[in-house]
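Descriptive analysis of the structure
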Amino acid sequence: EQVRRLAAQLINATPEEIAFVKNTTEGLGWVANGLSWNTGDNVVTTNVEFPANIYPWMGLQSRGVQLKMVPEENGCVPVERIVDAITSKTRVVTVSAVQFASGYRTDLAALGRICKDKGILFCVDAIQALGVLPVDVRAMNIDFLSADGHKWLCAPEGCGIFYCSRSLIGHLKPVMAGWLCMVDALDFGNYKFEFVDTA
């Protein structure tokens, strides 16, 4: 709980919005597989993402969800190009806070504001930024964030954080039911399938 509080403080969240992940992919996969999708929906990202922020979304193609990848331009992916790719069928925009190969920093505040105005969920792969650059999920209108700890957080691999906005916790279906996910987890003999109301 102390680590959850510290992680929440780092990104201006509440501890109830923080969960632990084994890596960035796990958190992004929770979003990709935990949302309800309709055939024809799309996800907008870039064509220079680390694979952790590509494959969870590619996995939705069999469910009729299109992945739209905005091309890099001279080492940058301008917010305007990402916005140009958004359509009425766009459900999620997902980008890295900092691109792994080029070091390009996405203007998360600008992109988050646009996503909020358009009613689109905003998901951020923060592994290359968290711990060295300011990330404020409230000011940047970030709905979901995932980051393993082995970069700037100086933690071992397999010890990352996932953020889910409190307003969306009930909309993100858990992709796996485990015993510590349940309200009365320590009442071992009384099987009561009731998820805790936190990330």
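For the structure, check the block above.
A short tour of the structure in this document, coming up. None of these values were measured; they are calculated from a predicted model.

Reading guide: rules and limits
For every chain, the first residue of its written sequence is number 1, and the numbers climb from 1 along that sequence. Totals for whole chains, interfaces and linings use all residues, but because this is a predicted model, local features are given only for residues with pLDDT of at least 70 and pairs of side-chain atoms are given and counted only at 80 or more. Processing note: side-chain calculations cover all non-hydrogen atoms of the structure and skip hydrogens and water entirely. Throughout this description, the term salt bridge denotes a Lys or Arg side-chain nitrogen within 4 Å of a carboxyl oxygen of Asp or Glu. Burial classes: relative accessible area under 20% of the type maximum marks a residue as buried, over 50% as exposed, and values in between as partly exposed (1.4 Å probe, protein chains only). Strands are runs of DSSP state E lasting at least 2 residues, helices are runs of H or I lasting at least 4, and numbering of each runs from the N terminus. A pair of strands is considered paired only if DSSP assigns at least 2 bridges between the two. Angles here are taken between N-to-C directions and fall from 0 to 180 degrees, while the axes themselves are lines fitted to C-alpha atoms, restricted in helices to the stretch in contact. A contact between two residues is defined here by any heavy atoms of the two lying within 4.5 Å. Think of a 1 Å grid over just the protein atoms. A cavity is a set of points where a 1.4 Å probe fits yet cannot get out, a pocket is an open set with protein on both sides within 12 Å along at least five of seven lines, and lining residues have an atom within 4 Å of a point. Grid points are joined across faces, edges and corners, and a volume is the space filled by probe spheres set on the points.

1. Things to note about the pattern of salt bridges
Under the definition given, this model contains eight salt bridges. For R4, the salt bridge goes to E1, with nearest N and O atoms at 3.2 Å. For E1, a relative accessible area of 58% gives the class exposed. Salt-bridge contacts for D84 lead to R81; the nearest nitrogen and oxygen are separated by 3.1 Å. Linking D84 with R81, this pair stays in helix α4 (residues 79–85), spanning three residues, or about one helical turn. Accessibility expressed as a relative area gives 32% for R81, which makes it partly exposed. What emerges from the salt-bridge pattern is a single network uniting E73, R81 and D84.

2. Concerning the sheet that holds strand β5 (residues 121–125)
Spatially, β1-β7-β6-β5-β4-β2-β3 is the arrangement adopted by the seven strands of the open sheet, whose pairing is mixed. The open sheet has two edge strands, β1 (18–21) and β3 (66–70), and neither has a second partner. Across the sheet, the mean angle from the axis of one strand to that of its neighbour is 20 degrees, orientation sign disregarded. Relative to strand β4 (residues 90–96), strand β2 (residues 42–46) runs parallel, the two being bridged by three bridges. Counterpart to V43 in the pairing with β4 is V92. Across the sheet, helix α1 (residues 2–11) touches β1 and β7 (160–164), and the angle it forms with β1 is around 110 degrees. Sitting on the sheet, helix α5 (residues 108–118) touches β4 and β5, and the angle it makes with β5 is about 155 degrees.

3. Observations concerning α5
Within the sequence span of α5, burial applies to L108, A110, L111, G112 and C115. Summarising the contacts, the buried residues of α5 are in contact with α4, β4 and β5.

4. A look at the pairing of β2
Among the five residues in β2, five count as buried, and that is most of the element. Neither face of β2 is left uncovered, since the one carrying N42, V44 and T46 and the one carrying V43 and T45 both have all their residues buried. Sheet topology places β2 next to β3; five bridges connect them, and they run parallel. Considered in β3, the bridge of T45 is made with M69.

5. Let's talk about the layout of surface pockets
In this structure, the largest pocket spans a volume of roughly 770 Å³. Lining the largest pocket are 25 residues; nearest its centre among them are A19, W30, C181, T198 and A199. Among the elements of the structure, β1, α2 (24–34) and β7 are those that each provide at least two residues to the lining of the largest pocket. If one sorts the elements of the lining of the largest pocket by residue count, β1 sits on top with three residues.

6. A short note on the environment of E73
Counting through the fold element by element, E73 comes out in the loop between β3 and α4. Relative accessible area serves as the criterion here: at 34%, E73 is assigned to the partly exposed category. Each C-alpha atom of the pair E73 and K151 lies 26 Å from the other, and the pair is 78 residues apart in sequence. Aside from chain neighbours lying at most four places away, what touches E73 is P78 and R81.

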